Amino acid sequence: MIKFWENDRFKLHCTQPDSIELKCQYGEHSDLHEIMLKNIRLYLDRQASSVFRYFYEQFFIFFLGWIPTLIGIALRALFYRLILHMEGFAAVENNVRLRFTDHIKLGSGVYLDQGAYLHACPRGIDIGRGTIVMHGAILHVYNFRNLPHAGIKIGCDSLIGEYSVIRGQGGVQIGDRVYTSPFTQIISVNHVFEDPKRPFVEQGITAEGIIIEDDVWLGAGAIVTDGVRIGKGAVIAAGAVVTGNVAPHTVVGGVPAKPIKAIDGANVSKPDRHIYYSPKDGIL
């Protein structure tokens, strides 16, 4: 007998490897066909709101999602509003991966860079006007347990840096003008692992949610854990692991993150540095 796969929950044995029909054992007796159908249904359930929605969304993504340059951006701005909620004009680059698009809302002027991944499993992703989601960023609600507060909401004129990860099981609310540097992680979920006699995957999760108020800057590689609130105007140093609330206008750093200094305006004027500003309304 040839053994293909075995663990505590799944056993698959083949007595006739060259036969079309395989004799399988999966809990109670079943056949490979039933197992495959079950896995296909599970896959579809985690890709779209329904089987119809899956093929409807994939039709547009298959034919339009790969087209580069301004031509592709224009076509997606025109036709993607048929599969997601788009206010005004939003720019979606090629090779952006979108799932549960009927739960995605893009404000006017939103930009999704190449390689971004938005998975809006029910409760959705809402991105405010003028916000930029950079290359490789992942916004994943990942709500397959009917969590009551799951979702990701980002305010206006914010920036999600390259390869940042936002997981929204407990709900993530990000304010206006919030910048996350590359490789930041905002994870609104924790595994329970207190019982040493059981695998942690069988002990459930907690999902309290994360709130990041307006005008917060997260340095490269910073991690924000579940249950945290970061106050307005705070700065999170590169590599910090934030496990507790951060007061407004405070710089924190370290593992776990601790206050470094208050932002009190004492160093607003430094004659030895040159500051550059973004162009706005023709004024530098």
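All values derive from a computational prediction rather than experimental measurement.

The rules behind each value
- Residues numbered from 1 in each chain as written.
- Predicted model: local features only at pLDDT ≥ 70, side-chain atom pairs only at ≥ 80, totals over all residues.
- Heavy atoms only, no water.
- Phe/Tyr/Trp six-rings, centres within 6.5 Å; stacked < 30°, edge-to-face > 60°.
- Buried < 20%, exposed > 50% of the residue type's maximum accessible area, 1.4 Å probe, protein only.
- Core = buried A, V, L, I, M, F, W, Y, C linked by side-chain atoms within 4.5 Å.
- Helix = DSSP H or I, 4+ residues; strand = E, 2+ residues; numbered from the N terminus.
- Contact = heavy atoms within 4.5 Å.
- Pairing = 2+ DSSP bridges.
- Polar contact = N/O pair within 3.5 Å; in protein donor to acceptor, adjacent residues only side chain to side chain.
- Arc of directions from axis to C-beta.
- Patch = residues over 30% accessible without salt bridge, like charges linked within 9 Å, V, L, I, M, F, W, Y side chains within 5 Å.
- Areas by Shrake-Rupley, 256 points an atom, 1.4 Å probe, with all protein chains shown as cover.
- Salt bridge = Lys/Arg side-chain N within 4 Å of Asp/Glu carboxyl O.

Once that is clear, we can look at the packing of aromatic side chains. Applying the stated rule across the entire model yields 9 aromatic pairs. The interplanar angle of 90° and the centroid separation of 5.0 Å between the aromatic rings of Phe-62 and Phe-63 together place this pair among those described as edge-to-face. Exposure remark for Phe-62: the relative accessible area of 58% places this residue in the exposed category. With a relative accessible area of 47%, Phe-63 lands in the partly exposed category.

Another aspect to go through is the nonpolar core. Counting 51 residues, the largest nonpolar core has Tyr-80, Leu-112, Ile-127 and Leu-139 as the members making the most contacts within it. Among the elements of the structure, α2 (51-64), β8 (104-106), β11 (125-127), β14 (152-154), β17 (172-174) and β22 (210-212) are those that each provide at least two residues to this core. Looking at which element gives the most residues to this core, the answer is α2, with 3 residues. Apart from the residues within four sequence positions on either side, Ile-127 is in contact with Lys-105, Leu-106, Gly-107, Val-110, Leu-112, Leu-118, Val-133, Leu-139 and Ile-154.

All right, on to the sheet that holds strand β27 (residues 241-242) then. On the basis of which strands lie adjacent, the open sheet formed by 7 strands has the order β7-β10-β13-β16-β19-β24-β27 and parallel pairing. Unpaired on one side and paired on the other, β7 (97-99) and β27 mark the two borders of the sheet. Both strand β16 (residues 165-167) and strand β19 (residues 185-187) contribute to a ladder of 3 bridges, which runs parallel. Directly across from Ile-166, in β19, lies its bridge partner Ile-186.

Moving on, we get to the side chain of Ser-164. With respect to the secondary-structure elements, Ser-164 resides in the loop between β15 (159-160) and β16. In this structure Ser-164 comes out as buried when scored by relative accessible area, which is 1%. Reaching out from Ser-164, the side chain makes a polar contact with the side chain of Thr-180 at a distance of 3.3 Å. With residues up to four places along the chain from it excluded, the contact list for Ser-164 reads Gly-136, Ala-137, Ile-138, Thr-180, Ser-181, Pro-182, Phe-183 and Thr-184.

With that settled, consider the sheet that holds strand β25 (residues 229-230). Consider a sheet: its strands pair through backbone hydrogen bonds, and that pairing is either parallel or antiparallel. Taken in spatial order, the 7 strands line up as β5-β8-β11-β14-β17-β22-β25 in an open sheet, and their pairing is parallel. With partners counted over all chains shown, the strands left at the sheet margins are β5 (85-86) and β25, one partner each. Of the strand pairs in this sheet, β22 and β25 are connected by 2 bridges, and their pairing is parallel. Residue pairing across strands places Ile-212 opposite Ile-230, the latter belonging to β25.

Within helix α3 (residues 69-79), the full set of buried residues consists of Gly-72, Ile-73, Arg-76 and Ala-77. Buried residues along α3 cover an arc of 130° about the axis, so they all sit on one side. Opposite the buried face of α3, by more than 90 degrees, sit the exposed residues Leu-70, Ile-71 and Leu-78.

By the element assignment, Gly-155 lies in the loop between β14 and β15. Using a relative accessible area of 12% as the deciding quantity, one classes Gly-155 as buried. Considered as a pair, Gly-155 and Glu-213 are 58 residues apart in the sequence and their alpha carbons are 9.4 Å apart.

A cluster of nonpolar side chains, Phe-59, Phe-62 and Phe-63, forms an exposed patch at the surface whose accessible area comes to about 370 Å². Within the element layout of this structure, Phe-63 appears in helix α2.

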